[in-house]
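# Structural overview
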Amino acid sequence: MAAPMAASVNRSVSFVFIIFIVLHLLNTHRTEAVSEENVEEFFTSGHTNNWAVLVDTSRFWFNYRHVANVLSIYRSVKRLGIPDSQIILMIADDMACNPRNPRPATVFNNANQNINVYGDDVEVDYRGYEVTVENFIRVLTGRLPPSTPRSKRLLSDERSNILVYMTGHGGDGFLKFQDSEEVSNVELADAFEQMWQKQRYHELFFMIDTCQAESMFQKFYSPNLLAVASSRVGEDSLSHHVDPALGVYVIDRYTYYALEFLETVKPGSKKTMAQFFRVCPKSVCISTVSTRVDLFKRNVADTLLTDFFGSVRNVELLQESISLIKKNTTKVEDTKQTCNKDTCPEKVSKFSYVDQFPKLLI
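Predicted, not measured: the structure shown is a model, and the values here were computed from it. (Residues numbered from 1 in each chain as written. Predicted model: local features only at pLDDT ≥ 70, side-chain atom pairs only at ≥ 80, totals over all residues. Heavy atoms only, no water.)

In this structure, Asp179 takes a positive phi of about 55° despite not being glycine. Here Asp179 lies in the loop between strand E6 (174–177) and strand E7 (181–184). The backbone of Ile286 sits at a positive phi, close to 70°, despite the residue not being glycine. Within the secondary structure layout, Ile286 lies in the loop between helix H7 (282–285) and strand E12 (290–292). (Helix = DSSP H or I, 4+ residues; strand = E, 2+ residues; numbered from the N terminus.)

In structure tokens, the structure reads:
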């Protein structure tokens, strides 16, 4: 009887072992599937880097507000994480150095002159007469001379999300550059198509503040394009308020309310493009803000604002865990040291961006 019982026990053990192996394999497969799903959910936007092309096309002192517009957007995208190395800044006239400026080396976007948006860390890539239609199209399409430095190149790829912001004087189907030439909506649409064909962007957000701004995106036909304009065809885009000390308007209405919204956004914010499209109703903008979403694959209500105005952080997901060794600590009494101003390290001040729009006193 002992031999049959031993054989029965062996079969039972083998059966239990097989069940254990099968359950282990199923659990491993389920874990891998969940990991893959989590990876897919993590990269919902599909892009890995962010770029910005910010263009002011106006000259002359009375167009001060256009420089303030573009510098304010520049400041906002830097605050949200896009570095200068991935921003192309084009300013047709340097108002900070204009002889009429009573406060040289400054540009303000509000009458209180609280924030100098020109600042100490502005990196202008194209200045003055470098801001031409030809250079702008060349930057977008990458058709620049070999001698052009990296800082003046849009080095985007098929995984880049790009913000293109333009401000100046325009009309039905064109935007003026320095009152001497124009870029048409057809030229702009063809430039974006070249970018798509050359895999220079993943998604592109076009934002324009000018008169009859809607006409500038009516000819777009490339995929993954999202656009917003400060006014419809036949409407003017108006300025916001005057700085009596400067004697000129210091910002445009649409850009003012867009910036007011952007000031509430921080890195990691969940605010969406759909919310951003509603920042300037006609009651405050006076002009009618227009959008173009038919070329964009994603729902704007699910598209994060920081997908274009911020910067993604490169993260590598690992399935295995990493154990960290706990560092031995000693009592506070054992680590007390005496020092003076020469031997103690100085405390490093933490810098942060102050609000762009304090309460106006006008």
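From this point, things continue past the structure.
We now examine the sheet that holds strand E2 (residues 87–91). Paired through backbone hydrogen bonds, the strands of a sheet run either parallel or antiparallel to each other. Ordered by their spatial adjacency, seven strands build an open sheet running E3-E2-E1-E4-E8-E9-E12, and the pairing between neighbours is mixed. Looking at which strands have only one partner, the edges of the open sheet turn out to be strand E3 (126–127) and E12. Here helix H4 (residues 185–197) sits on the sheet in contact with strand E4 (160–167), strand E8 (203–209) and strand E9 (225–229), set at roughly 160° to E8. (Pairing = 2+ DSSP bridges. Contact = heavy atoms within 4.5 Å. Axes fitted to C-alpha atoms, helices over the stretch in contact; angles between N-to-C directions.)

Counting across every chain of the model gives one cavity of 30 Å³ or more. Its boundaries defined by the atoms lining it, the largest cavity holds a volume of some 40 Å³. For the largest cavity, the full set of lining residues is Thr57, Ser58, Arg59, Phe60, Asn63, His169, Lys176, Gln178 and Asp179. Across the lining of the largest cavity, the residue classes tally to one nonpolar, five polar and three charged. (1 Å grid on protein atoms, 1.4 Å probe; cavity = no way out; pocket = protein on both sides within 12 Å on 5 of 7 lines; lining within 4 Å. Points joined across faces, edges and corners; volume = space filled by probe spheres on them. Nonpolar A, V, L, I, M, F, W, Y, C, P; charged D, E, K, R; others polar.)

This model, assessed by the stated rule, comprises 13 salt bridges. Linking Lys78 and Asp84 is a salt bridge whose minimum nitrogen-to-oxygen distance equals 2.9 Å. Arg292 serves as the salt-bridge partner of Asp294, at 2.5 Å between the closest nitrogen and oxygen. (Salt bridge = Lys/Arg side-chain N within 4 Å of Asp/Glu carboxyl O.)

Turning to the sheet that holds E6, a few remarks are in order. Strand order across the open sheet formed by three strands is E5-E6-E7, with antiparallel pairing between neighbours. A strand with exactly one partner marks an edge of an open sheet, and here the two such strands are strand E5 (170–171) and E7. Pairing of E5 with E6 involves two bridges; the strand directions are antiparallel. Across the sheet, residue Gly170 finds its bridge partner in E6, namely Leu175. In this fold helix H3 (residues 133–141) packs onto E6 and E7, with an angle of close to 35° to the strand it touches most, E7.

Time to look at the nonpolar core. Of all hydrophobic cores here, the largest spans 56 residues; its most connected members are Leu54, Leu71, Val107, Phe205, Met207, Phe276 and Phe309. Counting residues in each nonpolar core, the second largest holds 38 residues, with Val131, Met166, Leu204 and Phe220 among its members. (Core = buried A, V, L, I, M, F, W, Y, C linked by side-chain atoms within 4.5 Å. Buried < 20%, exposed > 50% of the residue type's maximum accessible area, 1.4 Å probe, protein only.)

What follows concerns the state of the cysteines. Here, disulfide denotes a covalent bond that connects the sulfur atoms of two cysteines. Scanning the entire structure with this criterion turns up one disulfide. Two residues, Cys280 and Cys285, share a disulfide whose sulfurs are 1.9 Å apart. Between Cys280 and Cys285 the disulfide shows an S-S torsion of about 110°. By sign, it is right-handed. (Disulfide = S-S within 2.5 Å.)

All chains considered together, the criterion is met by 15 aromatic pairs. Both rings, one in Phe205 and one in Phe277, keep their centres 6.3 Å apart while their planes meet at 45°; by these two values the pair is tilted. Of this pair, Phe205 sits in strand E8 while Phe277 sits in the loop between helix H6 (273–276) and H7, and the two are 72 residues apart along the sequence. The exposure class of Phe277 is buried, given its relative accessible area of 14%. Between Tyr256 and Tyr257 the ring centres are 5.2 Å apart and the planes differ by 85°, which places this aromatic pair in the edge-to-face class. Looking at Tyr257, the relative accessible area reads 17%, which means it is buried. Put simply, the rings of Phe205, Phe261, Phe276, Phe277, Phe296, Phe308 and Phe309 pair up and form one aromatic cluster. (Phe/Tyr/Trp six-rings, centres within 6.5 Å; stacked < 30°, edge-to-face > 60°.)

Tracing the chain through its elements places Arg253 in helix H5 (residues 253–262). There is no salt bridge for the buried Arg253, and the closest opposite charge comes from Asp252, which lies 8.3 Å off by N-O distance. There is a polar contact of 3.4 Å between the side chain of Arg253 and the backbone oxygen of Ser239. Excluding residues within four positions of it along the chain, Arg253 makes contact with Leu238, Ser239, His240, Cys280, Val284, Cys285 and Ile286. (Lys, Arg positive; Asp, Glu negative; His and termini not counted. Polar contact = N/O pair within 3.5 Å; in protein donor to acceptor, adjacent residues only side chain to side chain.)

Residues Leu175 and Phe177 line the buried face of E6, whereas the alternating positions Phe174 and Lys176 sit on a face that is not buried. A loop of two residues connects E5 with E6, the two strands running antiparallel in sequence, and Gly173 in this loop sits at a positive phi of about 95°. Connecting E6 to the antiparallel partner E7 that follows it, the hairpin turn spans three residues, and Gln178 within it adopts a positive phi of roughly 55°.

Counting buried positions over the seven residues of E8 gives seven, a clear majority of the element. Where E4 meets E8, seven bridges bridge the pair, whose relative direction is parallel. Of the residues in E8, the one forming a bridge with Val164 is Phe206. Two elements, E8 and E9, share five bridges in a ladder whose sense is parallel. Each bridged residue has a counterpart across the sheet, and for Met207 the counterpart in E9 is Val228.

Geometric descriptors of this kind do not, in isolation, establish any biological role.
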